[in-house]
Structure formats: structure tokens, C-alpha cells
Amino acid sequence: MIITLTTPAMLFPAVSLLLLAYTNRFVTLASIIRTFDPKLEDENITEQITNLRKRIYLIRRMQEAGVVSFFLCVLSMMAIYLEYQQIGSYIFGASLICLMYSLYLSVREITISCDALELHLQYFSTNFKQRNNKK
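Only a predicted model underlies this, so the values are computations on that prediction, with no experimental measurement involved.

Conventions we followed
- Residues numbered from 1 in each chain as written.
- Predicted model: local features only at pLDDT ≥ 70, side-chain atom pairs only at ≥ 80, totals over all residues.
- Heavy atoms only, no water.
- Helix = DSSP H or I, 4+ residues; strand = E, 2+ residues; numbered from the N terminus.
- Buried < 20%, exposed > 50% of the residue type's maximum accessible area, 1.4 Å probe, protein only.
- Contact = heavy atoms within 4.5 Å.
- 1 Å grid on protein atoms, 1.4 Å probe; cavity = no way out; pocket = protein on both sides within 12 Å on 5 of 7 lines; lining within 4 Å.
- Points joined across faces, edges and corners; volume = space filled by probe spheres on them.
- Nonpolar A, V, L, I, M, F, W, Y, C, P; charged D, E, K, R; others polar.
- Core = buried A, V, L, I, M, F, W, Y, C linked by side-chain atoms within 4.5 Å.

Further remarks concern the side chain of Ser106. Mapping Ser106 onto the fold places it in helix α4 (residues 85-134). With a relative accessible area of 8%, Ser106 lands in the buried category. The contact partners of Ser106, leaving out residues within four places of it in the chain, are Tyr22, Arg25 and Met62.

Structure below.
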């Protein structure tokens, strides 16, 4: 398959926005982690911290895969520009694979995030039940 110089260039806005979204997720998690008080640690907070650790690890891997995808995309464009069409096509394919891996990790991180929210909601529903039983 012959690709032109503009084919890899179409990934630039998508990968850039994806990296921005990943960075926003990381910043949000960092601010949540900084609000935890080690003195108030209980079972719920311990489980939340475990989930946050997993999510931070996944976000780091998502960002790494996204950056590698971006780098390979640029490398692909260079190869195509220098008229190494076949090599450029293979590098572009590798870029797409890295992008797919990054998106897969994103879905895993979202799943863990939903599990963390469910855990948090269970804590509140338990407290709500206890308050209603006291009345």
C-alpha cells in the first residue's frame, strides 16, 4: 500500500488531543491524591489509593504509548519525504499499533475509574443505611 505524506499527518491532531486528555487525567488524579490525609486512613481510603496507583501507572503507560506513536508518525513522514515509501509505511503501521495500545490502556483506566467510583458510592450507601437504621 502506498501512503502519501498527508496520511501520517492526519494523526497529528488526534494524538495531540489524546495526549492532552491523558495529561488532564493525570493532573486530576494528582490533585485527588494530594487531598488524602494519611492520618484518616481506613479500609475505603486504602482501596481508593490502590485504585489510584493502578490508574497512575496506566496513565503513564498510555502517555508513553501515545508519545511513541507520535514519534513514529513523525519518523514515518520523514521516511516518506526522503522517498523511503515502504519503510515509511511500516513505521506508520507501527505508529497505529502504538496508538491502538494507548487507547486500549485508556479503556482499562476508565474501567478502574468506574470501579473506584462504585467503591466510593458503596461507602456512602453504607453510611446512609447506618444513619437510617439509627432513626
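Now that the structure has been shown, we can carry on.
Quantified by volume, the largest pocket comes out at close to 230 Å³. Lining the largest pocket are Thr28, Leu29, Ile32, Phe36, Gln48, Leu52, Arg55, Ser113, Ala116, Leu117 and His120. Broken down by element, the lining of the largest pocket gets its largest block of residues, 4 residues, from α4. Taken together, the residues that form the lining of the largest pocket break down as 6 nonpolar, 4 polar and 1 charged.

Once that is clear, we can look at the nonpolar core. If you look at the biggest cluster of nonpolar residues, it comprises 16 residues, and the most contacted ones within it are Leu11, Val15 and Met62. Mapped by element, the contributors of at least two residues to this core are α2 (11-35), α3 (43-81) and α4. Dropping the residues within four chain positions of it, Val15 is found in contact with Gly66, Ser69, Phe70 and Leu99.

The quantities given are spatial measurements derived from coordinates; they are silent on function.
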